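Residues per chain are reported as follows:
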Amino acid sequence: MRGAPETMAVLRPKSGAEAVKLYGQQTKAVPLAGGTDFMVLWNLGLLNGRTILDLSGVRDWRKIAAARTGVLVGSLATHAEIGRHPTVRAEFPLLVSACATIGAAQIQNRGTLGGNIANASPAGDTFPSLLVYEAVVRTVSPRGKRKLPISEVFAGVKRTTLGPGELIEAVELPFLDKRPSRRLFRKVGTRLAQAISKTVAAGILRLGKGGVVEDFRFALGSMAPTAVRLTEAESAVVGFKLTPAVVDEACRRLERSVSPIDDIRSTREYRLEVSRNILRSFLEGNQ
Amino acid sequence: MTSVGVSHRRKEGPEKLCGLAKYIDDLSLPGCLHGVTLRSTINCGTIKSIDFETGFPWQEYVRVSAMDIPGRNLVALIEEDQPLLADRKVMHPHEPILLLAHPDRAKAYEALKHIRVQYEALEPVLTMEDSLAVKRALYKENNVFKSFLIEKGDIVKGFESARYTVEGEYRVWHQEQAYIENNGMAAWVEPDGTVTVQGSMQCPYYIHKALVKIFGLPEEKIRVIQSATGGGFGGKEEYPSMIAGHAALLAWKAKKPVKIVYDRAEDMPATTKRHPAIVRHKTALDKNGKLLAQDIDVVMDGGAYATLSSVVLSRGTLHAAGPYECPNVRVRSRVVATNTPPNGAFRGFGAPQTLFAVELHMEKIARAVKIDSLTLRRRNLWKEGSTTATGQVLSESVGACEALEHTVKKSGYVRKVKEYASWNRNAKKKTWKGVGLSLVHHGAGFTGSGEVYLASKAGLSITEDGRLQVLAASTEIGQGTNTMFSQIAADALGVPFDWVEVENPDTKFVPNSGPTVASRTTMVVGGLVRRAALAMKEALAKEGLVLKTPSDVKKAAKLLCGSEPIRRFIVQYEKPAEIVWDDATYKGDAYGAYAYAALVADLEIDKTTFEVKINKLTTAQDIGKAVNPLLAEGQIIGGTAQGVGYALLEHCVYKDGAMVNGQFTNYIIPTAMDTPAMDVKIVEKPYSRGPFGAKGVGELPMDTPGPAIAAAVNFAAGVWITELPLLPERILKAINETQGQR
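Since we're looking at a predicted model, the values are computed, not measured. (Residues numbered from 1 in each chain as written. Chains lettered and ligands numbered in written order. Predicted model: local features only at pLDDT ≥ 70, side-chain atom pairs only at ≥ 80, totals over all residues. Heavy atoms only, no water.)

1. Re the overall build of chain A
Logical step 1: Helix and strand content of chain A: eleven helices and 14 strands.
Logical step 2: For 287 residues, the compact-globule estimate of 2.2 N^0.38 gives 19 Å, and the C-alpha radius of gyration of chain A, at 19 Å, lies within 12% of that figure.
Logical step 3: Taking the principal axes of the C-alpha coordinates as reference, chain A spans close to 65 × 45 × 30 Å.
Logical step 4: When burial is assessed residue by residue, chain A has 53% of its 287 residues classed as buried.
Logical step 5: Considering only intrachain contacts with a sequence separation of at least 6, the fraction spanning at least 24 residues in chain A is 62%. (Helix = DSSP H or I, 4+ residues; strand = E, 2+ residues; numbered from the N terminus. Rg over C-alpha atoms; globule rule 2.2 N^0.38 Å. Buried < 20%, exposed > 50% of the residue type's maximum accessible area, 1.4 Å probe, protein only. Contact = heavy atoms within 4.5 Å.)

2. Quick word on the side chain of B:Gln635
All names here are of chain B.
Logical step 1: Its place among the elements puts Gln635 in helix H17 (residues 629-649).
Logical step 2: Given a relative accessible area of 14%, Gln635 falls into the buried group.
Logical step 3: When sequence neighbours within four positions are dropped, the list of residues in contact with Gln635 reads Arg347, Gln479, Val697, Gly698 and Pro701.

3. Remarks on unusual backbone geometry
All names here are of chain B.
Logical step 1: In this structure, Pro725 follows Leu724 across a cis peptide bond, with omega equal to -5°.
Logical step 2: Relative to the assigned elements, Pro725 resides in the loop between helix H19 (705-717) and helix H20 (728-741).
Logical step 3: With a phi angle near 50°, Lys140 is a residue other than glycine that sits in the positive phi range.
Logical step 4: Take Lys140: it is sitting in the loop between helix H3 (128-132) and strand S7 (144-152).
Logical step 5: Judged by its relative accessible area of 60%, Lys140 falls in the exposed class.
Logical step 6: In this structure, Lys370 is a non-glycine residue whose phi angle is positive, near 60°.
Logical step 7: The residue Lys370 is located in the loop between helix H9 (351-369) and helix H10 (373-380) in this model.

4. Details of the interface of chain A and chain B
Logical step 1: Taken residue by residue, the interface counts 30 residues in chain A and 33 residues in chain B.
Logical step 2: Interface of chain A and chain B: buried area, both sides summed, is about 2500 Å²; carbon and sulfur atoms make up 53% of it.
Logical step 3: Considering only the side of chain A, the residues that lose the most area to chain B are A:Arg2, A:Arg191 and A:Ile264, jointly responsible for 28% of the buried surface there.
Logical step 4: Where chain A meets chain B, there are five salt bridges.
Logical step 5: Taken together, chain A and chain B are joined by 13 residue pairs in polar contact (both at pLDDT 80 or more).
Logical step 6: Contributing elements (two or more residues each) for the side of chain A that touches chain B: strand S11 (182-189) and helix H11 (268-283) of chain A.
Logical step 7: Class assignment for the residues of the side of chain A that touches chain B results in eleven nonpolar, eleven polar and eight charged. (Buried area = accessible area lost by both parts, 1.4 Å probe. Salt bridge = Lys/Arg side-chain N within 4 Å of Asp/Glu carboxyl O. Polar contact = N/O pair within 3.5 Å; in protein donor to acceptor, adjacent residues only side chain to side chain. Nonpolar A, V, L, I, M, F, W, Y, C, P; charged D, E, K, R; others polar.)

5. Some thoughts on the confidence of the model for chain B
Where the model shows low pLDDT, its predicted coordinates should not be examined in detail.
Logical step 1: Of all residues in chain B, 100% attain a pLDDT of 70 or more, and the chain-wide mean is 97.
Logical step 2: This complex was scored by the predictor with a pTM of 0.97 and an ipTM of 0.96. (pLDDT = per-residue confidence, 0-100.)

6. Remarks on the side chain of B:Thr475
Residue and element names in this part refer to chain B.
Logical step 1: Within the element layout of this structure, Thr475 appears in the loop between strand S18 (468-471) and helix H14 (481-493).
Logical step 2: On the basis of relative accessible area, Thr475 is assigned to the buried category, the value being 0%.
Logical step 3: A polar contact of 3.0 Å, which involves the side chain of Thr475, links it to the backbone oxygen of Gln202.
Logical step 4: Residues within four places of Thr475 in sequence aside, it is in contact with Met201, Gln202, Pro204, Gln226, Thr481, Pro505 and Thr516.

7. Details of the sheet that holds strand S3 (residues 62-64) of chain B
Residues and elements named next belong to chain B.
Logical step 1: Reading across the sheet, the seven strands line up as S3-S5-S1-S12-S9-S10-S11 and stay open at both edges, with mixed pairing between neighbours. Two strands close off the open sheet at either side, each with one partner strand: S3 and strand S11 (222-226). Between one strand axis and the next, the sheet turns by 25° as a mean value, whatever way the strands run.
Logical step 2: Here strand S1 (residues 33-39) pairs with strand S12 (residues 258-261) via two bridges, running parallel. Within S12, the position partnered with Leu33 by the bridge is Val258.
Logical step 3: Helix-sheet contacts for helix H5 (residues 204-215) involve strand S9 (184-189), strand S10 (195-199) and S11, and the interaxial angle to S11 is about 150°.
Logical step 4: Contacts between helix H6 (residues 239-254) and the sheet are confined to S1, S3, strand S5 (96-102), S9, S10 and S12, with S9 contributing the most and set at about 35° to the helix. (Pairing = 2+ DSSP bridges. Axes fitted to C-alpha atoms, helices over the stretch in contact; angles between N-to-C directions.)

Shown next, in the form of structure tokens:
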């Protein structure tokens, strides 16, 4: 362990307001939520000499509250807490499935949704589900409060569009107008637990009269610098019946929204083909 | 009341379970400094200069470079080619160059950022192919650390009379031992000048030998103590000599205790791995699938220094032909140098590589001659009286057939071959199913005359206060040494298991019973412990004493110790006269006995993701006698799980000769979720010279999963992959290539 705690200054706000104030004064501070990514850096000594903004005392941001239009998930709610929440379980099963595949039980008990988003890993397992549910991220900074669609939060590998001193307060999950006919969450990791995704997919599809697709949303993680919605493939499907030609076209268009790479975990070829297989079996209704 | 054959609880179990066991990082030594290592960032070249940043508080640090070494700058093992600290020449990435120590661990690491090493880089040799082509001479003129040749019969004649000739090439790569406790060592110098090290290790006397040379001190001025050790798997066979040398040099220069404990990010890229190998087979068969000739060529990648490569290659060579009788055999093998960190000992020690090749080649033969691989194995496997490739006649304890037949029957192999073929024809199914078989042998103890050279000693002592203690340098590294020794000593002496203790391996108190490797601890050292216990029993019998009650032990203590605090009964290894081996021709009795194992892998492959899910592994393993059945089964399950990792998941990614996925996030070993259900049967075909009939079990289970899983994957996906690990990426690629050819 190369972390040297005596070289670090720790700020311990007791409320959201205090956290924003302190972070505004020290924008180079490293926010600490659940610590599951933080401790990796700590262990390698990469946080030595840094100021730490410990958010564990900000109790308000841990709440999960169901309202008429949706659920408001506090940024410090853990993956385990999200996975247990009855309204989230009933209305946002893809997020529940995603939370259940992150690391393993210990990580799910510590890791938070806000921390996961702020860390902005291309392989963040909750992101495809959040994209499909069109989550809205609520932030707060000395400049005031903002609401950002989740699709506008990620700027690149481990980079967000959050400004200096800006913290994630909560994530809004709006209820879907109508129940989807099909839904899918699939993580393809390097093994069955404690794994980072090679590709991770979430999707919903609603069929209307005569088998015409009324709504189709599909998102992938680990396939580009950020998690992405397959807007091109979606537009090939919405308003059409799921004929083999439509399915083929959607699968062909998958590539337009992603840019997978060869890395230490997998290959471009594998990521593309498996993602296409997942999309195809979802559209064919036999996943 | 006998102990052997009973699943006694582990001697050290309660301490480990309650967190009381002290691993090296748990030991606090007053005034201890933390040592760190500056390592090379290039793979091949020379060091031009080492610059220490001005203004950094270097006066707080102790520094050691090659110049400070009082004796020889050498990690003494087999050859004398590996320096303890790189002097001018750098041969591989992460080669140690300089050591630093500071009272504060983080500050010790911090200092590494303030040293600049200037190199003159040379074009490296990174592959076995480039090494064989001598793109640059790294070791002698041909880059070959060692080569072997086994010849039996006349292979030319064998191929002349062949009905079928089948050729194949097989490849395996690095594997990390993945012990849970990283390498770590503490060192200090006693007031009398004795250099002492304590830490995580398999082989105290290897370290002892290395330190004698590094310090140029007499043997009695070096002391090596094992602390509780969190796994070894071969990874703590030779490497601890390096880290012990480093810690001892720092302590000697600092005149204070020094501890070096690697973190995973340092341990994984810097320490030894399993040798990659390329194995080529050319096989001649008659019309019934009987083997007529085997021509086998083995190349292994040794890395930058010789370390244990010659003996790894030896074991790989001696297992290359499989447990099959063949009248004409030639095995040619060599291990070559590359500019990568030295590869070294790992459970199986060369055999998993060559057994993977020969066993998967059986599947290729089966396809070519249209006789199923089970029948092929039945027609060719060793029986009592068979002659091996080295001309060894197997006179006893040959359980290959029992292991195979039990496994085949219990797994439903024959039925599943048919069922799964029909399942796979159904395009609507979401998976392909496969079943695969392997049959292996594993020689227990050192190769050939190795045990004679070792001339190991072990003993049993009784103290004046009546404690019975096994004396051996064999380490408990999670495999059950302490428990097994106690059981053997208890039965030989005729006392209950609980009466026997095991002395902690400490070169001051225990004799050199050789290294804790090569599946030799039970069969060889256990045999010595038994003889020592019998010697004590005989000494007591002469006095008319039989140990029946605790007060008998008190009487024995008085009788045997006299006025001394302790009486030791030490015995030494004696080669059985009938075991004959010739190192020059590689002919004769390569091992005293072989253990045998068969395994059936039953799996399915997801057609969407090409992920392999093993549903069941069924195995039977002939280990002579299970001294402790539960521990033996644990070894089989654990070794098989490690083999599953080797087969499916474990992939060391190298870039410019350095491992780039050196953490558990990205070096993927199986979790409990990835480890399938196993059906384990222990077969006991006793070996007359093993204690209570026991052979070795430690490495055997590592050999079976690779070829069986590869056979099953190839069956399921309708492909022919000849390389491990069978990553989904590799399976997809093979499917695409196979379909492209159709």
